[in-house]
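One-letter residues, chain by chain:
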Amino acid sequence: HERWSWPVVISPSGAEVATGDAEGVLRLWDMTSGSLRHELPAGRGLIFSLAFSGHLIATAYLDGSLRCWDTSTGVVRSEFTSAAGSVYRIAFSPTGDMLAAGGQDGELRLWDPSTCRQLFQLQGHTGRIYTLAFHPSEPLLASGDTDGGVRLWDTTTGQHRRLLSGHDAAIYWVTFSPSGDLLATGDSAGAVHLWDSATGQHRQALIGHTGSVWPFV
């Protein structure tokens, strides 16, 4: 990469790593040998987010567009525009049949990556969305915005389930525990909160960071 390598994501199998850059170039690397498998051409400017699902990798760009690539062949499988502004974060559902995208306009969109059909448009956030995560086994999506809001959504109906209040700064990180029982959220002031994902009850506040809690991937 000639300019910054961001983001960096390892495939679920651990066989390859994907890297993006400010020019919109996507590279897929072999984790064992370190050799370059595919160099996929520049898209629509800077790549903000990457997500793996099986033999697919999705890329989110500065201009709000999304692309799904076949990691075996390097061929584009689907391409669509998800938002009026930049898309900052994407994630596949555990089954791979849904792709969530959030970004500059504060709206979440759920897509069928195989047909490029929008399934739901989720409204409620008042700030930009930099982070989202699917529950590992339930039809539940968590998302956070720059106004400190954390929201849970039903991915079967597209309905808003609940707002989790407790942060006083921008949310840059949300993730479920492997069992799905807990949701962890982190903000720009360094606070981490743990929540019961089923009830939304606040479990614990972890205070100690002096800067933003920001994901590497």
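Above this text is the structure in question.
Residues numbered from 1 in each chain as written. Predicted model: local features only at pLDDT ≥ 70, side-chain atom pairs only at ≥ 80, totals over all residues. Heavy atoms only, no water.

Novice: Hey, could you run me through the sheet that holds strand E16 (residues 160–164) in this one?
Specialist: Whenever strands of a sheet pair, they do so through backbone hydrogen bonds, lying parallel or antiparallel. Taken together, 4 strands build an open sheet; the order of strands is E13-E14-E15-E16 and the sheet is antiparallel. The outermost strands of the open sheet, each flanked by one partner alone, are strand E13 (129–134) and E16. On average, each strand axis in the sheet is inclined to that of its neighbour by 20°, with strand direction left out of account. Taken together, the 5 bridges between E13 and strand E14 (residues 140–145) define a ladder with antiparallel strand orientation. Looking across to E14, one finds that phenylalanine 134 is bridged to leucine 141. (Pairing = 2+ DSSP bridges. Helix = DSSP H or I, 4+ residues; strand = E, 2+ residues; numbered from the N terminus. Axes fitted to C-alpha atoms, helices over the stretch in contact; angles between N-to-C directions.)

Novice: How should I be thinking about the nonpolar core in this particular structure?
Specialist: As a rule of thumb, soluble globular proteins bury nonpolar side chains together. Judged by nonpolar contacts, Ala51, Ala58, Ala60, Leu66, Cys68, Phe80, Val87, Ile90, Phe92, Leu99, Ala101 and Trp111 together constitute the single largest core of 12 residues. Looking at this core, the elements that each hand over two or more residues are strand E6 (56–61), strand E7 (65–70), strand E9 (87–92) and strand E10 (99–103). Those residues in contact with alanine 60 that sit more than four places away from it in its chain are Leu46, Ile47, Phe48, Ser49, Ser65, Leu66, Val87 and Ile90. (Core = buried A, V, L, I, M, F, W, Y, C linked by side-chain atoms within 4.5 Å. Buried < 20%, exposed > 50% of the residue type's maximum accessible area, 1.4 Å probe, protein only. Contact = heavy atoms within 4.5 Å.)

Novice: I keep staring at unusual backbone geometry and nothing clicks. Help me out?
Specialist: Peptide bonds are, in most cases, trans, and in most cases residues other than glycine have a negative phi. In this structure, cysteine 116 is a non-glycine residue whose phi angle is positive, near 65°. Relative to the helices and strands, cysteine 116 resides in the loop between strand E11 (108–112) and strand E12 (117–122). By relative accessible area, which is 25% here, cysteine 116 ends up partly exposed.

Novice: I keep staring at the environment of valine 75 and nothing clicks. Help me out?
Specialist: By the secondary structure assignment, valine 75 is in the loop between E7 and strand E8 (76–81). Residue classification places valine 75 among the partly exposed residues on the basis of a relative accessible area of 45%. Separated by 68 residues in the primary sequence, valine 75 and proline 7 have C-alpha atoms spaced 20 Å apart.

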